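Secondary and tertiary structure notes
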Amino acid sequence: MGEKDLEIEETSLARSEDERGDEAKTEVRKVKKKKKSLKEAVKAEKRGVCHVSRVPPRMDHVKLRQVLSQFGEIQRIYLVPEAAAAQMNRKRAGGFRGQAFSEGWVEFTKKSVAKRIANMLNGQQMGGRKRSSFYYDIWNVKYLSKIKWDDVTDEIAQRHAVREQKLALELSAAKRERDFYLTQVDKSRALSSIEERMKKKQKVQQESGVISDFPSEQFAPKVIRQFPQKKPVADQAGKTKPSLSKDVLAGVFGGQ
């Protein structure tokens, strides 16, 4: 064997050792990742979720965390933004002009804490300082048993999908209405242009002394409107209403 063959063999051995080392590192990373995911799953099983059905104005996720963190450790918070139409109506009425939220979910690190907080705060006054804008608001909190944060995210995604579908339907309906309106406008313009041309032609014929065999009114489109009429009530009433014979009436009133 020559020197070149030895060098090639050494490089191939080094490459194989590097590849084995990379494979070992990837295996170690996979094991660590799996252990981490198992730990997260165990922690997620211990967590509890509460639903806040009403979020008062001027309250966001930061203020909500500050208020609820006094009673227990919070993991995550999600608040649903208010609908655009409701926000516009509120601003027109002179209400709070900032970002408002309709409802939300709060995830606590322990189920027992979430259940205790929901039972303790639900229906109670938020309180705090009297100058606070949430002093007279009432808590609407409910503990969601057997509900995890993944279920919440799935529900939120489903709501977004339904809203996007409704928006697409509304846009398609608006597009159809716009297309119909544009076609009607084009038809009216075409008819008006035909009528103007016929009037000009008739005027030229009158000035030249030529009488047209076909007047312009014949070419003008006739619009015939049909209004469905209902039958008179008197005709149907005479057929359906039973009537007494004259002999019966004579026997009742003129029998004596």
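When helices and strands are counted, the chain shows eight helices and four strands. When the elements of the chain are put in sequence order from the N terminus, they spell out α-β-α-β-α-β-α-β-α-α-α-α. Per-residue burial over the chain gives 18% buried out of 256 residues. For the chain, the exposed surface amounts to about 21500 Å²; the carbon and sulfur share of it is 54%.

Position of D137 relative to the elements: it lies in the loop between α4 (111–121) and β4 (141–144). For D137, a relative accessible area of 14% translates into the label buried. D137 has contacts with R54, P56, Q124, Q125 and M126, leaving out every residue within four places of it along the chain.

In this structure the tally under the stated criterion is seven salt bridges. Among the ionic pairs, R54 bridges to D137, the shortest N-O distance being 3.5 Å. Here the residue R54 occupies a position in the loop between β1 (48–52) and α2 (61–68), and D137 occupies one in the loop between α4 and β4, the gap between them amounting to 83 residues. The partner of E155 in a salt bridge is R159, with the nearest N and O atoms 3.1 Å apart. Taken together, the residues span about one helical turn, with E155 and R159 both in helix α5 (residues 149–208) at a distance of four residues. Owing to a relative accessible area of 32%, E155 belongs among the partly exposed residues under this scheme.

Applying the stated criterion across every chain yields a total of two aromatic pairs. For the pair Y78 and W105, a centre-to-centre distance of 6.5 Å together with 25° between the ring planes defines the contact as stacked. In this pair, Y78 is assigned in strand β2 (residues 74–81) and W105 in strand β3 (residues 101–108), connecting sequence segments 27 residues apart. Y78 gets classed as partly exposed once you look at its relative accessible area, which sits at 26%. Ring geometry for Y135 against Y136: centres 4.8 Å apart, planes inclined by 85°, an arrangement best described as edge-to-face.

With that settled, the discussion passes to α5. For α5, built from 60 residues, the straight-helix expectation of 88 Å at 1.5 Å per residue is met to within 8% by its first-to-last C-alpha distance of 88 Å. Downstream of α5 by one or two residues, G209 has phi in the positive range, about 85°.

The next thing to look at is the pairing of β1. Of all five residues in β1, five are buried, a share of seventy percent or more. Residues G48, C50 and V52 line one face of β1 and the alternating positions V49 and H51 line the opposite face, and both faces are buried. Note: β1 against β3, five bridges, orientation antiparallel. When the sheet's bridge partners are listed, V49 is paired in β3 with E107. The pairing of β1 with β4 spans four bridges and is classified as antiparallel. Following the sheet pairing, C50 is matched in β4 by Y143.

Rules used throughout
Residues numbered from 1 in each chain as written. Predicted model: local features only at pLDDT ≥ 70, side-chain atom pairs only at ≥ 80, totals over all residues. Heavy atoms only, no water. Helix = DSSP H or I, 4+ residues; strand = E, 2+ residues; numbered from the N terminus. Buried < 20%, exposed > 50% of the residue type's maximum accessible area, 1.4 Å probe, protein only. Areas by Shrake-Rupley, 256 points an atom, 1.4 Å probe, with all protein chains shown as cover. Contact = heavy atoms within 4.5 Å. Salt bridge = Lys/Arg side-chain N within 4 Å of Asp/Glu carboxyl O. Phe/Tyr/Trp six-rings, centres within 6.5 Å; stacked < 30°, edge-to-face > 60°. Expected span 1.5 Å × (residues − 1). Pairing = 2+ DSSP bridges.

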